[in-house]
Amino acid sequence: MLIAETSFFANFVAETIGSNAVAPHLPVLQVAIPLIAAPLCVLFGNRTMAWMIALVTTLISLAISINLLDHVTTFGAISYHIGGWAPPLGIEYIIDPLNALVLLIISMIGVLTVLYGRLSIAQEILPRDQTLFYACLMLCFTGLLGVTATADAFNVFVFLEISSLSTYVLVAQGANRQRRALTAAYDYLIMGTIGATFFVIGIGLLYMATGTLNMADLAERIVPIYDNKTVLAAFAFIIVGIGLKVAIYPLHFWLPNAYTFAPTAVTVFLAATATKVAIYVMLRFMFIIFRPDFVTTSHILEFIILPFAIIAMFAASFVAIFQADVKRMLAYSSIGQIGYMLLGVSFYSEKGLTATLIHLFNHAITKAALFMALGAMVYVVGSSMLNRIQGLGKKMPLTSLLFVLASLSLIGIPSTAGFISKWVLIEAALEKQGHWFWVLIAFLIVASSLLAVIYIWRVVEMLYFKEPMQNVEIKEAPMGLLLPTFALVIACFYFGFDTSLTYDTAEMAAKILLGGAQ
Amino acid sequence: MLDPSTLIALALIFPLCALITNYIFRNQANLRDGLTLLSAAATFITVVILAATSDMTTQQSHVLLTILPGLEVAFKLEPLGMVFALIASGLWIVTHLYGIGYMRGNNESHHARFFACFCVAISATLGIAFSGNMFTLFLFYEILTVSTYPLVAHKGTTDSKKGARTYLGILIGTSVGFQLLAIIWTYAITGTLDFTQGGILEGHIGAGMAAILLALYAFGIGKAALMPFHRWLPAAMVAPTPVSALLHAVAVVKAGVFTMLKVGIYIFGIDFLASTGASTWLMWLAAFSILAASIVAMGKDNLKARLAYSTISQLSYITLGMALATQMGALGGGLHIAMHAFGKITLFMCAGAIYVATHKTNISDMDGMGRKMPWVYFAFLIGALSIIGLPPLGGSWSKYLLMLGAADNGQLIMIGVLMLSSLLNVAYLLPIVGRGFFRPLKAGDDNGGPVKTPVLTVLPPLFTAFGCLLLFFYASEIVAYLEPIVATPAK
């Protein structure tokens, strides 16, 4: 019965998306449908209905993003004019392999988060808040998709704010379990707002200097005025502003608390999407709007991005080793992993950017799987502290196994997705042969990944070598939590073997960034 | 009928079948261990058929899947790997029987988990043996590390966890920190990782950089226990003896030196190493390792620790054979894999048999035990003589070839090192036997008849001791079989 309905629904979606009436409008529907779904969640006022709406919405988004990715990798970029107004007057959406990959990450994680959230949100959030919670989740989802799809600089800001504001609410929902979620959300609000302000100041300066907000137009008009102080200031504001969202090393202070105290489902969603989208925005502004020439003359890559990336790789991983709360440990690990992505950018080569984009994808699925597996433990034992999850290897064998498998991908053991990222990144470093410096960088990459072995191994030893807490009834987590986790763990291994989707798309996107094929 | 690809797949899958039966029948000891024995036999037969039927000269690669362009999971048959696979799968049968005797005789816990991890380790070892490129080898190398971790930590005591942590730390650390880097470096400059006759690096890298790359490989292959990355081997001796016997005298350490030979022969190429002199430093380090480990071994009273250091020393023989960069040296290294495997597994199984029967671990407590368990001590003596390299035992040939290799290269000092090492072997191995037979029993030891030793812990070492003897007479066949690996490639 359920299967029949599901397949009917899937067929219906596939046919609709493929039809001539709908197909040309997919770029905007991708964003518009979740936007409409958000108020619907509230209007129905029933948490089961809200969950259903969220699930259907994310599934439709996933279908659209797969369709778009397939389309742009075979036929090239799509330009969509909202309301039929041609740019630069109207707002333009552009879908190319670069953002199609990011759209896929967002919608894929969206589906799994909602599936996972069925149980975990029901447990962690007060029943009366749940419809509102799903509405916020849909808004956040909309915001991230919008940021990714749009080709209008101001529109980026608008959607960034939509996603950020809803994120603050989502993080604060953790207060039901731990009151500190409120201060975490508040910190994030302050930092995020500073970032957004910087970002909008930057865009304002750009508008003053060029008189346009369309990305393609901006890119053209900036070229003659590279030396203009306004443009330089705009660049600085934009990079710092978005750097806060990325959690580039010294701007990362909001991240650990936000990830630690947010409800599990929110942590999963944020860890896998929010920072990734921010990195995407940074890449698009750096390489598409300001163009590679500008970036190289500004020396930002070698003097700012590269050193901070390396500091992040070591410092954050090092701090992760000493965390007593596994959720916080994974949060610090995320900061370190962002370091890898930025390192790839700083290589300023096709391989390097490919590595960044592959890691964007691979780390999203890996970290989401880890947070989900950990969340399943939290669901049962009520805490993610090391001393509370000890001995769960015996009591929750499946959950523990999933955690261990996902962490293999985080470490980058061969046959996992994480290994592919690391491989390409190191290859990118060694490709720049002829200089000792790059061999050293390659060595630093592997050395820092050994820190991951240490912090992950602490957890593994706790899980398997300690006796479980007595006096607490512990049994395996419900399938509703384990199945989405399992799906992601499978993906972690699948993309360790079949790289045709990740590598080829990332390579295509890297070419676009460096101004090759359009 | 059966093409090589299918046979290779079967050889890798049979041990994994045993993994499944170990899980299903985890509570029915006899059925479980019987099925595992069956799959061990099936694995061995598959490898034998593979060795008998396939043509090693084709250099045909069996690609399983392609991950990135030039980065494939692929298998290739060549004599060195074949010999390694035969040894590992053959000795698995022997060790499995021994393991049953040991685990039951010693009342160890978690038999099913123990034998299951064993199966995975064997499958990974065969994967290493058959791998067609460096990436595939690395993949199975890591699987081997991870799957043996639970074996090392088996007892679950604080000591064994500490040992296991050292084990995992050093092996993962070196392999990810150095070896992976070396592999990616190779890939970045040559665009391939295939094991190719005559090497792939020639013309892509200068002499100085080649030495650095070789260093990354040599230290990255932590399983070869080259000093200073040898600490994991003594640490891993906390494992039950069957583990030490198969994994730390045969599978794991041999996987290490096997990788070392593969890198030397098929990645760098013997001629390339000789012409650039990139491996000269490695030769000296290996010589140092040989002597230093032997000297440390003399000071160890714990029998397994002494054998562990002896292993470190013997492994460096093989590294030395590669580093000599002569054909004879490489052949001697390849032969030594086989010879040392039989000798050292005999010694370890005897140590385990003594432990099961008397619960003694220190050599100084074992005075007079030889008269109580003469067969075990007899097997130990044969194994020790083979390690020392006395005819008519297998170990003498590999040492002879290594010396020839050193002579070819004009390295007279290396010949001296090998001879000195033999003397040191005599000094730390034979006293164990001597004390066993000629010293009076210690006070407190029951002076009655022979102690009870489970028959399954005595027969396997006798069998492998006999193998040492047999290998002496069949060494020339093995050498002839291995010879193609150093043949100059047709250009």
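Residues numbered from 1 in each chain as written. Chains lettered and ligands numbered in written order. Predicted model: local features only at pLDDT ≥ 70, side-chain atom pairs only at ≥ 80, totals over all residues. Heavy atoms only, no water.

Novice: Would you mind going over the nonpolar core with me for this structure?
Specialist: Grouped burial of nonpolar side chains is what soluble globular proteins tend to show. Core analysis: the largest hydrophobic core is formed by 396 residues, its most contacted members being Phe-285, Met-286 and Trp-423 of chain A together with Phe-268 of chain B. Excluding residues that lie within four positions of it along the chain, Trp-423 of chain A makes contacts with Leu-68, Leu-71, Phe-135, Leu-180, Ile-183, Ile-184, Tyr-187 and Leu-193 of chain B. (Core = buried A, V, L, I, M, F, W, Y, C linked by side-chain atoms within 4.5 Å. Buried < 20%, exposed > 50% of the residue type's maximum accessible area, 1.4 Å probe, protein only. Contact = heavy atoms within 4.5 Å.)

Novice: When you look at the side chain of His-363 of chain A in this model, what are you seeing that I'm missing?
Specialist: Tracing the backbone shows His-363 of chain A in helix H15 (residues 350-381). Not counting residues up to four positions away in its chain, the partners in contact with His-363 of chain A are Lys-276, Ser-334, Gln-337, Met-341, Ala-368 and Leu-410 of chain A. (Helix = DSSP H or I, 4+ residues; strand = E, 2+ residues; numbered from the N terminus.)

Novice: Help me understand the interface of chain A and chain B, please; the structure alone is not making it clear to me.
Specialist: Frequently, the measure chosen for interface size is the accessible area that the parts lose on association. In this complex, chain A contributes 26 residues to the contact, which on the side of chain B involves 31 residues. Around 2,600 Å² of area is buried between chain A and chain B when both sides are counted, 83% of it from carbon and sulfur atoms. Considering only the surface of chain A that becomes buried against chain B, Trp-423, Phe-465 and Phe-497 of chain A emerge as the three largest contributors, covering 25% of it. Along the contact surface separating chain A from chain B lie one salt bridge. (Buried area = accessible area lost by both parts, 1.4 Å probe. Salt bridge = Lys/Arg side-chain N within 4 Å of Asp/Glu carboxyl O.)

Novice: Can you walk me through the layout of surface pockets in this structure?
Specialist: A probe matching the size of a water molecule, rolled over the atoms, marks out where space remains unfilled. All names here are of chain B. Space inside the second largest pocket adds up to approximately 600 Å³. In terms of lining, the second largest pocket is formed by 21 residues, of which the most central are Phe-44, Leu-86, Phe-342, Leu-471 and Ile-478. When contributions to the lining of the second largest pocket are tallied by element, the ones reaching two or more residues are helix H2 (29-53), helix H3 (79-105), helix H13 (327-358) and helix H18 (455-482). Per element, the largest residue contribution to the lining of the second largest pocket is nine residues, and it comes from H18. (1 Å grid on protein atoms, 1.4 Å probe; cavity = no way out; pocket = protein on both sides within 12 Å on 5 of 7 lines; lining within 4 Å. Points joined across faces, edges and corners; volume = space filled by probe spheres on them.)

Novice: It is not clear to me how the confidence of the model for chain B should be interpreted in this structure. Could you clarify?
Specialist: As a note on interpretation, predicted positions should not be read in detail where pLDDT is low. Residues and elements named next belong to chain B. Counting all residues, the mean pLDDT for chain B is 83, and 96% of those residues have values of 70 or more. Mean pLDDT in chain B bottoms out at strand E1 (residues 61-68), which sits at 77, and peaks at helix H11 (residues 280-298), which reaches 89. Scored as a complex, the prediction yields pTM 0.86 and ipTM 0.77. (pLDDT = per-residue confidence, 0-100.)

Novice: Whenever I open this one, the pattern of salt bridges confuses me. Can you help?
Specialist: When their charged atoms lie close together, side chains carrying opposite charge are able to pair. Taken as a whole, this structure holds seven salt bridges over all chains when the rule is applied. Close ionic contact of Asp-129 of chain A with Arg-128 of chain A constitutes a salt bridge, the shortest N to O distance being 3.3 Å. Exposure remark for Asp-129 of chain A: the relative accessible area of 17% places this residue in the buried category. The shortest N-O distance in the salt bridge between Glu-78 of chain B and Lys-262 of chain B comes to 2.8 Å. Taken as a pair, Glu-78 of chain B in the loop between strand E2 (71-76) and H3 and Lys-262 of chain B in helix H9 (residues 241-268) lie far apart in primary sequence, 184 residues in all.

Novice: For this particular structure, what's the right way to read H3 of chain B?
Specialist: Structurally, the α-helix is built with 3.6 residues per turn, so residues lying three or four positions apart point the same way. Residue and element names in this part refer to chain B. When the terminal C-alpha atoms of H3 are compared, their 38 Å separation across 27 residues agrees well with the 39 Å that a helix rising 1.5 Å per residue should span. The largest bend in H3 is about 25°, located at Trp-92. Positive phi shows up at Asn-107, right after H3, with a value of about 55°. (Expected span 1.5 Å × (residues − 1). Bend = angle between axes of the 7 residues up to and from the residue.)

Novice: What am I meant to see in the packing of helix H4 (residues 97-124) of chain A against helix H5 (residues 130-149) of chain A here?
Specialist: How two helices pack is summed up by the angle between their axes together with the distance between the axes. Residue and element names in this part refer to chain A. Their axes nearest at 10 Å, the elements H4 and H5 cross at an angle of 170°. Taken together, the axes of H4 and H5 are roughly antiparallel relative to one another. Every residue of H5 that contacts H4 at Asn-99, Val-102, Leu-103, Ile-106, Ser-107, Gly-110, Val-114, Gly-117, Arg-118, Ile-121 and Ala-122 is listed here: Gln-130, Phe-133, Tyr-134, Leu-137, Phe-141, Leu-144, Leu-145, Thr-148 and Ala-149. Taken together, the residues that form the contact of H4 with H5 break down as 13 nonpolar, six polar and one charged. (Axes fitted to C-alpha atoms, helices over the stretch in contact; angles between N-to-C directions. Parallel < 35°, antiparallel > 145°, perpendicular 65-115°, else oblique. Nonpolar A, V, L, I, M, F, W, Y, C, P; charged D, E, K, R; others polar.)

Novice: Which parts of the structure should I look at to understand the packing of H4 of chain A against helix H22 (residues 500-513) of chain A?
Specialist: All names here are of chain A. One way to put it is that H4 packs onto H22 with a least axis distance of 7 Å and a crossing angle of 135°. Classified by the interaxial angle, the pair formed by H4 and H22 is oblique. Residues Pro-97, Leu-98, Leu-101 and Leu-104 of H4 form the contact with H22, whose participating residues are Leu-501, Thr-505, Met-508, Ala-509, Ile-512 and Leu-513. Per-class residue counts for the contact of H4 with H22 are nine nonpolar, one polar and no charged.

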